[in-house]
Structures are given as structure tokens and as C-alpha cells.
Amino acid sequence: VQFCLQASTTLCSQARGAGEDKKVGQWLQTSLFIGALGCLPVMAIFWNIHYMVGLTMADVDTVNFSKDFSRMMMWSIPPQFAYVALTSFFATIDVVMPATFCTCITVICNVVFNYVFIYGYDSNNNTIIPALGFVGSPLATVTSSFLHLAMFVTYCVFIKGYHKKYWPGWKKEAIQTSTVRTFMALGLPIGLSSVVDWASGAVAGSFSGWCGFEIAAAQNVLNGLFAITYSTVSGFSTATQIRLARYLGEGKPDSAKRILKIG
């Protein structure tokens, strides 16, 4: 779902290149709508994910931990999808650095939230925030996700108003069947391609449970390291995608070829 939403990057860039500024904001609305719908099945999977963990792991404590973790973590899905839709939109209108700064701040806050929520916070022998233990970790991520979105929207929308030139107001056309079909014609292949990319790691990670929870944990750490390197490279591909689509929208195929070579 998350990679499907990034189809708005291409559609917004083409609209901007063609001089249809208000169409850019309309594609954002379509992306937000699809993200809202996509939350439902993803959150349902998170709610029941301990059953999947139980297929390859007999350790009762680990299965219960996964249940507690995922049922809290599922509340981070709506702000994450909204953030993806918004950052894709703002990147096409050359607003990039606020997302970087908001992410850096959120990472720091997430460390603080993890410590405070897991171990609690006392002042003068008075408990200000009770220690929540294990569930404090996913709660910290949920809190960070909402803070991340709130900071980004507050700065880009309410303070700077970067969106105003491209925002047509809320339009029914953005969620019409024809508009959603056009979006999904591009977004669905992108999403399915991502599924293929990550499926092998997901399957390997699942079956590593048969080797014990230590091996499963190690596999998860390795997947995290892979995600970091993957994200670094995908940033260049996103920048290429934005510029290439904009040049095509402007009717400049030679410039599109040049930016493709650079990417």
C-alpha cells in the first residue's frame, strides 16, 4: 500500500509539468483516499499477526509479545500512510528539506519515548509516567508517527502554506472511479513490484522462527540494515522519477533522457 501511494509522485509531477497546478493537489487527495482505504486490511493483518507468528514458532511468550506489539503498532499505520502521501506531494513541488528535518527530530523523540514509556519517569519520588514495560516500545513508535505527521503538516501547511498554489479545495473528482482507476493503473504495479522485492525476506524471516527466537531476532536486525541501504538508493530513484515525469509533462523528452542518465 505504501509503495502504491508513491504513484502520486509521477502523477503530480506530470500535472505540474503540464501547468495544471490544481491537478497536483487533486492527486494528493486521491492518494490520501486510497491510503485511508488501504489502512483497513493492513490494520486487520496487524491485529491477527500473532496467528502467523504461531505457524513457525511454538514459544508462547514470543507469540504473546507479537500480539501485544502488533496490536499497538497498527495504530501507526494511518499517520504513516498519510505522511507518505504528503511527502510525495510536497517533493514534486520541490519542498524536500522539511521532511528531512522532521524525520531527524522524530528519531530523537522516538528514543526518548521508548525510554520513558518502557521504564517510566519519576520526579521527586513521584511517578509522573508509569513504566509500561514491553508495550511501551510500540506505543513510542505510534506516538512518534503521529508527532512526525503533525510536525510536517504544521510547518508545511499551516506555517508556510507551500500547498496553496496547488490546492484546489476538497474535490469529489479526486475519489471518482475514473480518477482512482487511473491512479491504481500506475500504483498497483509499483506496489506489487515492492511485494515481490520484499517477499523473499519476509518468508525467510518467518521461517527463521523454526530455528528459535534468537535466530529470528538476528534475521530481523539484518532486514533492518537492508532497509537502511535500500532507502538510501531509493531516494535517488525518487528524485529521478520526479524530474523525469515533470519534463515529460512539459514536453521535453531530451531533458527527461538526460535526467534518466544522471539517475
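To be clear, the structure that these remarks concern was listed above.
A quick note: this is a predicted structure, and the numbers were derived from the prediction, not measured. Along each chain, numbering runs from 1 in the same order as the chain's sequence is written. Restriction of local features to residues with pLDDT of at least 70 applies here, the model being predicted, together with a cutoff of 80 or more for giving and counting side-chain atom pairs; totals for whole chains, interfaces and linings are based on all residues. Excluded from the side-chain calculation are hydrogens and water; included are all heavy atoms of the structure.

Another aspect to go through is the overall build of the protein. A run of H or I in DSSP counts as a helix once it spans at least four residues, and a run of E counts as a strand once it spans at least two, with each numbered from the N terminus. Per the secondary structure count, the protein includes 11 helices and two strands. Start at the N end of the protein and walk to the C end: the helices and strands fall as α-α-α-α-α-α-α-β-β-α-α-α-α. Dimensions of the protein, computed from the C-alpha atoms along their principal axes, are close to 60 × 45 × 35 Å. Think of it in three bands: with a 1.4 Å probe and only protein chains considered, a residue is buried below 20% of the maximum accessible area for its type, exposed above 50%, and partly exposed in between. By the burial criterion, 34% of the 263 residues in the protein qualify as buried. A separation threshold of at least 6 residues defines the contact pool for the protein, and within that pool the share at least 24 residues apart is 73%. Here the open area of atoms and residues is found with the Shrake-Rupley method and a 1.4 Å probe, where only the protein chains shown may cover a residue. Here the protein displays about 15000 Å² of accessible surface, and carbon together with sulfur accounts for 67% of that area. Residue contacts follow a heavy-atom distance rule, with two residues in contact if any of their heavy atoms lie within 4.5 Å.

Okay, the packing of aromatic side chains next. The rule is short: rings of Phe, Tyr and Trp, with Trp giving its six-membered ring, pair when the centres are within 6.5 Å, and they are stacked under 30 degrees, edge-to-face over 60, tilted in between. Going through the model one piece at a time under the given rule, you end up with 11 aromatic pairs. Here the aromatic rings of Tyr 115 and Tyr 119 are separated by 5.2 Å at their centres, their planes lie at 50°, and the arrangement is tilted. Here Tyr 119 and Tyr 115 lie together in helix H7 (residues 97–119), a separation of four residues that amounts to about one turn. The residues Tyr 115 and Tyr 119 share a single accessibility class, namely exposed. Centroid distance Trp 198 to Phe 226: 5.5 Å. Interplanar angle 75°. Geometry classified as edge-to-face.

Before going further, it helps to spend a moment on the packing of helix H3 (residues 21–47) against helix H9 (residues 177–207). Axis geometry follows a simple rule: fit a line to the C-alpha atoms, using only the stretch in contact for helices, then measure angles between N-to-C directions, giving values from 0 to 180 degrees. Running from amino to carboxyl end, H3 crosses H9 at an angle of 80°, the nearest separation of the two axes being 10 Å. If you check the angle between H3 and H9, you find them roughly perpendicular. Contacts between H3 and H9 involve Gln 26, Trp 27, Thr 30, Ser 31, Phe 33 and Ile 34 on the former and, on the latter, Thr 179, Val 180, Thr 182, Phe 183 and Met 184. Here the nonpolar group is Ala, Val, Leu, Ile, Met, Phe, Trp, Tyr, Cys and Pro; Asp, Glu, Lys and Arg are the charged ones; every other residue, Gly included, is treated as polar. For the contact of H3 with H9, the residue count by class is six nonpolar, five polar and no charged. For classification, angles of less than 35 degrees are called roughly parallel, those exceeding 145 degrees roughly antiparallel, those between 65 and 115 degrees roughly perpendicular, and all remaining angles oblique.

The topology assignment puts Leu 55 in helix H4 (residues 49–56). Overall, Leu 55 belongs to the exposed group, its relative accessible area being 68%. Put simply, Leu 55 and Val 107 are 52 residues apart on the chain and 33 Å apart in space, counted from C-alpha to C-alpha.

The term salt bridge refers to a pairing of a side-chain nitrogen on Lys or Arg with a carboxyl oxygen on Asp or Glu at a separation within 4 Å. Tallied over the full model, the rule gives four salt bridges. Lys 165 is the salt-bridge partner of Asp 21, the closest N and O atoms lying 3.9 Å from each other. Here the residue Asp 21 occupies a position in helix H3, and Lys 165 occupies one in the loop between helix H8 (136–159) and H9, the gap between them amounting to 144 residues. When its relative accessible area of 52% is taken as the criterion, Lys 165 is described as exposed. The partner of Asp 94 in a salt bridge is Arg 246, and the shortest N-O contact between them spans 3.1 Å. Note that Asp 94 is positioned in the loop between helix H6 (77–92) and H7 and Arg 246 in helix H10 (residues 213–249), a separation of 152 residues in sequence. Connected through salt bridges with shared partners, the residues Arg 16, Asp 94 and Arg 246 form a single ionic network.

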